Amino acid sequence: MLEIVGVSHTYANGTRALDNVSLSIPRGMYGLLGPNGAGKSTLMRTIATLQTPTEGAITFGDLDILAQPEELRKKLGYLPQDFGVYPRVTAYDMLEHMAVLKGVADKGDRKAVVESLLNQTNLWNHRGHFIAGFSGGMRQRFGIAQALLGNPELIIVDEPTAGLDPEERNRFLNLLAGISDNVVIILSTHIVDDVADLCPRMAVLAGGKVQLEGAPLDLIAQTKGRIWKKTIGREELDAHKERYQVISTRLFAGRTIIHILADSRPAGFDDVEAGLEDVYFTTLADLRRVA
Amino acid sequence: MLFNVARFELRYQLRNPVFWVSLFLFFLLGFGVTASENVSIGTPGTVHENAPFAIAAMTGAASIFYLFVITSFVANAIVRDDTTGFGPIVKATAIGKRNYVSGRFLGGLAVALLGYLAVPFGMLCGSMMPWVDPETVGPQNPVYYLWPYLVIAIPNILLSSSLLFGLATITRSMLWSYIGVVILVMGYLIVSTIFGSQIEYRQLMAQYEPFGFGAISEATRYWTAADMNSTLLPLEGVLLFNRIFVIALAAILLALTYWRFSMAERAPSKRRLKKLALMQNGDASEPTPQAVVSSAFSQRFDSSTTRAQFMIRLKTEIMQVCAVPG
Ligand SMILES: Nc1ncnc2c1ncn2[C@@H]1O[C@H](COP(=O)(O)OP(=O)(O)OP(=O)(O)O)[C@@H](O)[C@H]1O
Ligand SMILES: [Mg+2]
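Chemist: Help me understand the coordination of the magnesium ion (ligand 2), please; the structure alone is not making it clear to me.
Modeler: All names here are of chain A. Coordination of the magnesium ion (ligand 2) by the protein comes from Ser-41 (OG) and Gln-81 (OE1), over a distance range of 1.9 to 2.1 Å. Remark: Gln-81 occurs in the loop between strand S6 (76–79) and helix H3 (91–101) and Ser-41 occurs in helix H1 (residues 40–47); sequence separation between them is 40 residues. Residue classification places Gln-81 among the partly exposed positions, given a relative accessible area of 36%.

This is how it looks when you write it as structure tokens:
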């Protein structure tokens with residue numbers, strides 16, 4: 001549905017943030033993972049027509065979005081990674097104004113849409129307060145509310161759960177999961193499990209390139225029998241890093257759990273039920289080895 | 001949609017304290033001119049405090065100072081999206097360039113025009129104060145206030161607003177808009193003092209001087225005090241020419257701004273990309289940082305620390321101010 005072909009972007013300061021990215025994104029939820037500075041936000045802003053790429057083509061259905069950005073914006077819901085708000089405007093007024101911009105022309109419709117979104121994002125009790133005085137998570141929820149306004153066909157949310165408390169995060173993920181399957185939803189996040197739970201397809205971006213693309217379940221299946229774990233003391237870590245290809249280390253109750261990549265089980269290591277996080281770390285570890 | 005965008009802008013600015021402060025200041029300005037015998041602008045003694053000529057002169061003069069206030073309405077209308085960080089959200093909607101630019105401009109302009117009503121209103125109130133010598137006050141006539149507002153103030157404010165809107169759109173910074181205004185006003189004052197005093201430039205000044213002073217003095221050159229007390233500025237001849245010129249200039253500035261404005265951030269040009277590619281080839285290998293942090297350093301909190309803290313803050317602030325905002 002959304003076709004990204006050979007998109008590259010170089011910023012004016014010379015940073016090559018996207019390097020020949022090609023993705024084919026079907027309807028439904030699509031997860032974007034990648035380390036800080038991978039180019040996720042750049043890609044999302046580019047799809048959202050906020051910046052034109054230095055190279056490449058993007059089409060949404062039959063629509064060439066680089067040639068007709070205004071047409072795409074009519075179908076778009078976008079939540080930037082970080083955004084500010086105007087001072088002295090209440091959540092209700094701002095959302096109602098956004099509804100006008102999104103083309104909800106009828107006053108009654110607008111009222112209904114705004115009220116239901118305020119409800120869904122649990123902001124109803126704060127509707128009369130200035131957004132500039134909101135807490136970080138409340139502001140984020142306002143951002144979510146405006147992104148979902150007006151039946152968008154393409155929803156782009158850049159780290160939408162950042163700053164949300166666990167309860168609100170769940171509420172949001174459920175809200176997102178409840179949106180019709182006809183909509184393309186692109187979600188970037190650092191919470192790998194969210195992608196595993198929600199997205200039938202995903203991609204890992206790093207260094208401006210697509211490193212991995214596919215269905216989380218397939219990708220997890222591919223690492224089966226290649227990931228092993230061991231619990232060690234902190235002082236043993238360096239020795240293990242030299243001997244094995246350690247893809248992740250995690251602390252648990254003061255001990256270190258390491259996951260390594262190996263084609264057969266080394267002595268002293270246990271089986272693990274590989275998760276998407278292992279896939280992700282494997283991809284990054286491969287990348288580092290090549291570099 | 002356009003109407004809604006402009007209305008939102010208007011309502012937003014009406015909540016801005018700057019609007020109310022400026023309303024108050026410009027009210028005082030108008031009030032002071034008529035309520036005080038010592039203050040007058042270029043009118044001979046027998047001309048009433050509320051003579052149509054005096055009102056017209058004041059309406060024109062105050063519009064120069066008003067430029068600074070307009071910056072906060074009109075420039076803010078377009079820069080706000082960048083400074084607050086709400087821009088990406090608005091620009092990703094179906095608002096469209098036409099509605100975005102013209103809605104913001106019309107909203108800002110409406111606020112500016114509304115705020116400027118304080119000047120004639122202040123003059124009206126000032127001339128009705130009990131301490132003002134009744135000898136110096138002529139009959140009150142609302143048209144005396146409205147006509148200069150229409151003929152002088154509206155075109156002047158339209159031009160000022162277009163100018164600032166353009167400045168703000170191109171510089172994307174309030175600071176640069178203010179700096180631009182200061183430079184323009186200074187330049188205007190210098191040019192108009194140099195050429196205004198020379199007879200051979202009088203006609204030229206009357207035609208093209210953007211605030212209309214030259215045109216007003218040309219149109220009223222042979223007026224007696226009785227004329228000044230009773231006659232409205234005739235919208236004809238050089239004054240008409242000047243006003244049309246001002247409106248046309250505003251339209252050109254607006255068109256340029258519209259053309260320059262882009263909803264999406266443009267990718268760097270091909271030429272720039274080539275230059276960047278060349279620059280990057282010259283990069284030397286980077287030094288690697290120390291991997292292990294030693295805890296051998298000490299921390300002190302005494303007077304030398306205070307001095308060091310002060311110096312580093314000072315340095316940072318200076319760098320911040322001097323660095324090109326953008
Ligand atoms: N406006 C900009 N000007 C110059 N360089 C930029 C700009 N925005 C991003 N970059 C650079 O582009 C690269 C990709 O940035 P981007 O914000 O897309 O990463 P990201 O994947 O979203 O990271 P994060 O997980 O931290 O949000 C980074 O190296 C960043 O420094
Ligand atoms: Mg990002």
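Continuing now.
Chemist: I would appreciate a short explanation of H1 of chain A in the present structure.
Modeler: Helical geometry: 3.6 residues make up each α-helical turn, so side chains three or four residues apart lie on a common side. All names here are of chain A. Of all 8 residues in H1, 7 are buried; the element is thus mostly enclosed. Residues of H1 that are buried: Lys-40, Ser-41, Thr-42, Leu-43, Met-44, Thr-46 and Ile-47. One or two residues past the end of H1 sits Thr-49, with phi positive at roughly 65°.

Chemist: What should I look at first to understand the packing of H3 of chain A against helix H4 (residues 107–120) of chain A in this one?
Modeler: Packed helices, taken two at a time, are described by their axes: the angle between them and the distance between them. All names here are of chain A. The N-to-C vectors of H3 and H4 enclose an angle of 125°; their axes lie 10 Å apart at closest approach. Taken together, the axes of H3 and H4 lie oblique to each other. Here the hand of the crossing between H3 and H4 comes out right-handed. On H4, the residues touching Tyr-92, Leu-95, Glu-96, Ala-99 and Val-100 of H3 are Arg-110, Lys-111, Val-114, Glu-115 and Leu-118. In terms of residue class, the contact of H3 with H4 is made up of 6 nonpolar, no polar and 4 charged.

Chemist: Please explain the pairing of strand S3 (residues 28–33) of chain A as it appears in this structure.
Modeler: When a strand is regular, its side chains alternate between the sheet's two faces. All names here are of chain A. Counting buried positions along S3 yields 6 of 6 residues, so the element is predominantly enclosed. Summarising the sheet, S3 and strand S8 (residues 184–188) pair through 5 bridges and their orientation is parallel. In the sheet register, Tyr-30 faces S8, and the bridge partner there is Ile-186. Two elements, S3 and strand S9 (residues 201–206), share 4 bridges in a ladder whose sense is parallel. Residue Leu-33 lies in a different strand from S9, and its bridge partner there is Val-204.

Chemist: What is the right way to look at the packing of helix H1 (residues 2–14) of chain B against helix H5 (residues 96–116) of chain B in this model?
Modeler: Residue and element names in this part refer to chain B. Orientation of H1 relative to H5, taken along the N-to-C sense of each, is 40°, at an axis distance of 8 Å. Relative to H5, the element H1 lies oblique. For the pair H1 and H5, the sense of crossing is right-handed. In this structure, H1 contributes Leu-2, Val-5, Ala-6, Glu-9, Leu-10, Gln-13 and Leu-14 to the contact, and H5 contributes Asn-99, Ser-102, Gly-103, Arg-104, Leu-106, Gly-107, Gly-108, Ala-110, Val-111 and Leu-114. Among the residues forming the contact of H1 with H5, the class breakdown is 9 nonpolar, 6 polar and 2 charged.

Chemist: I tried to follow helix H6 (residues 118–127) of chain B on my own but got confused; where do I start?
Modeler: Residues and elements named next belong to chain B. The buried fraction of H6 amounts to 8 of the 10 residues, a majority that puts the element mostly inside the structure. Residues of H6 that are buried: Ala-118, Val-119, Pro-120, Gly-122, Met-123, Cys-125, Gly-126 and Ser-127. Looking at the buried positions of H6, the neighbouring elements they touch are helix H2 (17–35), helix H3 (52–84), H5 and helix H7 (142–171).

Chemist: What is the right way to read the site of ligand 1 from this model?
Modeler: Residue and element names in this part refer to chain A. If you check the shell around ligand 1, you find 16 residues, and the closest are Gly-37, Lys-40, Ser-41, Thr-42 and Gln-81. At 3.0 Å from an oxygen atom of ligand 1 is found a side-chain nitrogen or oxygen belonging to Asn-36. Coverage of ligand 1 by the protein amounts to 68% of the 630 Å² it exposes when considered alone. Per element, the largest residue contribution to the shell around ligand 1 is 4 residues, and it comes from H1. A class-by-class count of the residues in the shell around ligand 1 yields 4 nonpolar, 9 polar and 3 charged.

Chemist: Would you mind showing me how to read the pairing of S6 of chain A here?
Modeler: Residues and elements named next belong to chain A. The two faces of S6 match: Leu-76 and Tyr-78 on one face and Gly-77 and Leu-79 on the other face are all buried. Where S6 meets strand S7 (residues 154–158), 4 bridges bridge the pair, whose relative direction is parallel. Residue pairing in the sheet places Tyr-78 in a bridge with Ile-156 of S7.

Chemist: What exactly am I supposed to notice about the packing of aromatic side chains here?
Modeler: For any pair of aromatic rings, geometry is given as the distance between the ring centres together with the angle between the planes. A full pass over the atoms with the stated rule returns 24 aromatic pairs over all chains. With 5.8 Å between their ring centres and 25° between their planes, Phe-27 of chain B and Phe-31 of chain B make a pair best called stacked. Of this pair, Phe-27 of chain B and Phe-31 of chain B both sit in helix H2, 4 residues apart, which is roughly one turn of that helix. Take Phe-27 of chain B: its relative accessible area is 22%, and that puts it in the partly exposed class. Following the ring pairs from residue to residue traces out a cluster consisting of Tyr-86 and Phe-142 of chain A together with Phe-8, Tyr-12 and Phe-86 of chain B. A cation over an aromatic ring shows up here: Arg-127 of chain A above the ring of Trp-124 of chain A, its NZ or CZ 3.9 Å from the ring centre.

Chemist: I keep staring at the sheet that holds strand S12 (residues 245–252) of chain A and nothing clicks. Help me out?
Modeler: By definition, the strands of a sheet pair up through backbone hydrogen bonds, in either a parallel or an antiparallel sense. All names here are of chain A. The strand order S12-S13-S11-S14 describes an open sheet built from 4 strands, whose pairing is antiparallel. This sheet does not close on itself; its edge strands, each paired only once, are S12 and strand S14 (270–271). Two strands pair when backbone bridges link them, and S12 and strand S13 (residues 255–261) are joined in this way by 7 bridges, in the antiparallel orientation. Counterpart to Leu-251 in the pairing with S13 is Thr-256. With respect to the sheet, helix H10 (residues 276–290) is in contact with strand S11 (227–232), S12 and S13, its orientation differing from that of S12 by roughly 135°.

Chemist: What is the right way to read the side chain of Asp-278 of chain A from this model?
Modeler: Residues and elements named next belong to chain A. Looking at where Asp-278 falls in the secondary structure, it is placed in helix H10. Comment: no salt bridge for buried Asp-278; closest opposite-charge side chain is Arg-250, at 7.7 Å. Once residues lying within four places of it in the same chain are set aside, the contact partners of Asp-278 are Ile-227, Ile-247, Ser-248, His-259 and Glu-273.

Chemist: Just checking my understanding: could you explain unusual backbone geometry for this structure?
Modeler: A negative phi angle characterises most non-glycine residues, just as the trans form characterises most peptide bonds. All names here are of chain A. Even without being glycine, Asn-20 reaches a positive phi, approximately 55°. Tracing the backbone through its elements, the reader meets Asn-20 in strand S2 (residues 16–25). Accessibility expressed as a relative area gives 51% for Asn-20, which makes it exposed. Positive phi, normally seen in glycine, also occurs at Asn-151, with a value near 40°. You can see Asn-151 is positioned in the loop between helix H5 (136–148) and S7. When its relative accessible area of 74% is taken as the criterion, Asn-151 is described as exposed.

Cut-offs applied
- Residues numbered from 1 in each chain as written.
- Chains lettered and ligands numbered in written order.
- Predicted model: local features only at pLDDT ≥ 70, side-chain atom pairs only at ≥ 80, totals over all residues.
- Heavy atoms only, no water.
- Donors = N, O, S within 2.8 Å, 3.2 Å for Na, K, Ca; no water.
- Helix = DSSP H or I, 4+ residues; strand = E, 2+ residues; numbered from the N terminus.
- Buried < 20%, exposed > 50% of the residue type's maximum accessible area, 1.4 Å probe, protein only.
- Axes fitted to C-alpha atoms, helices over the stretch in contact; angles between N-to-C directions.
- Parallel < 35°, antiparallel > 145°, perpendicular 65-115°, else oblique.
- Left-handed = near helix turned anticlockwise from the far one by under 90°.
- Contact = heavy atoms within 4.5 Å.
- Nonpolar A, V, L, I, M, F, W, Y, C, P; charged D, E, K, R; others polar.
- Pairing = 2+ DSSP bridges.
- Near = heavy atom within 4 Å.
- Polar contact = N/O pair within 3.5 Å; in protein donor to acceptor, adjacent residues only side chain to side chain.
- Areas by Shrake-Rupley, 256 points an atom, 1.4 Å probe, with all protein chains shown as cover.
- Phe/Tyr/Trp six-rings, centres within 6.5 Å; stacked < 30°, edge-to-face > 60°.
- Lys NZ or Arg CZ within 6 Å of the ring centre and 35° of its normal.
- Lys, Arg positive; Asp, Glu negative; His and termini not counted.
- Salt bridge = Lys/Arg side-chain N within 4 Å of Asp/Glu carboxyl O.

Distances and angles like these do not, on their own, reveal function.
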